Amino acid sequence: MAAYVIASYDITDASGYAEYTPKVVPTLIAHGAEVLVADHHSEAAEGRPGKSTIVLKFESRDALHAWYGSPEYQAIIHHRTDNSEGVMVFAEGFVPPS
């Protein structure tokens, strides 16, 4: 079953964050992720989400965890976490009740 990363955050230091995007893309490609949403000017309809919204699709929860825990991603994650504030959630796809 497909698994998703949903991130909502505000970039607090644009110059520090700038290194993240060009470094994260190759890790996503290597792990078969599909970028469904990457919007740094999101519009809130309700609540207080960050201005940046990212949705990634992976083949499975195992594939998602393999990417997130990979040495390649862990080596660059600080470019995002040190320069933004927000949340990241892992979720599986919807299966309609039968």
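Just so you know, these numbers come straight off a predicted model, no measurement behind them.

Undergrad: For this particular structure, what's the right way to read the nonpolar core?
TA: In globular proteins that are soluble, nonpolar side chains generally tend to be buried together. Counting 18 residues, the largest nonpolar core has Val5, Val24, Leu28, Leu56, Phe58, Trp67 and Tyr73 as its most contacted members. Mapped onto this core, the elements with two or more residues apiece are β1 (3-11), α2 (20-30), β3 (52-58) and α3 (61-69). In terms of residue count, the dominant contributor to this core is β1 (four residues). Look past the residues within four positions of Leu56 in its chain and what remains in contact with it is Ala3, Tyr4, Val5, Leu28, Glu34, Val35 and Trp67.

Undergrad: I tried to follow the packing of aromatic side chains on my own but got confused; where do I start?
TA: Describing an aromatic ring pair means giving the distance of the ring centres and the angle of the ring planes. Going through the model one piece at a time under the given rule, you end up with eight aromatic pairs. Ring geometry for Tyr68 versus Phe90: centroids 5.3 Å apart, planes at 75°, classification edge-to-face. Remark: Phe90 occurs in strand β4 (residues 84-92) and Tyr68 occurs in helix α3; sequence separation between them is 22 residues. By relative accessible area, Tyr68 is classed as partly exposed at 27%. Taken together, the ring pairs in this structure connect Tyr9, Tyr17, Tyr20, Phe58, Trp67, Tyr68, Tyr73 and Phe90 into an aromatic cluster.

Undergrad: Looking at this model, I keep getting lost on the pattern of salt bridges. Mind explaining?
TA: Should their charged atoms come close, side chains of opposite charge can pair. Applying the stated criterion across every chain, the model contains two salt bridges. Two residues, Lys23 and Glu19, come together in a salt bridge whose shortest N-O distance is 3.2 Å. With relative accessibility at 37%, the residue Lys23 sits in the partly exposed group. Overall, Glu19 belongs to the partly exposed group, its relative accessible area being 38%. One salt bridge in this structure joins Arg61 and Glu92, with 3.3 Å as the shortest N-O distance. In this pair, Arg61 is assigned in helix α3 and Glu92 in strand β4, connecting sequence segments 31 residues apart. Arg61 gets classed as partly exposed once you look at its relative accessible area, which sits at 32%. A residue is classified by how much of its surface remains accessible, and Glu92, at 41% relative accessible area, is partly exposed.

Reading the values: the criteria
Residues numbered from 1 in each chain as written. Predicted model: local features only at pLDDT ≥ 70, side-chain atom pairs only at ≥ 80, totals over all residues. Heavy atoms only, no water. Core = buried A, V, L, I, M, F, W, Y, C linked by side-chain atoms within 4.5 Å. Buried < 20%, exposed > 50% of the residue type's maximum accessible area, 1.4 Å probe, protein only. Helix = DSSP H or I, 4+ residues; strand = E, 2+ residues; numbered from the N terminus. Contact = heavy atoms within 4.5 Å. Phe/Tyr/Trp six-rings, centres within 6.5 Å; stacked < 30°, edge-to-face > 60°. Salt bridge = Lys/Arg side-chain N within 4 Å of Asp/Glu carboxyl O.

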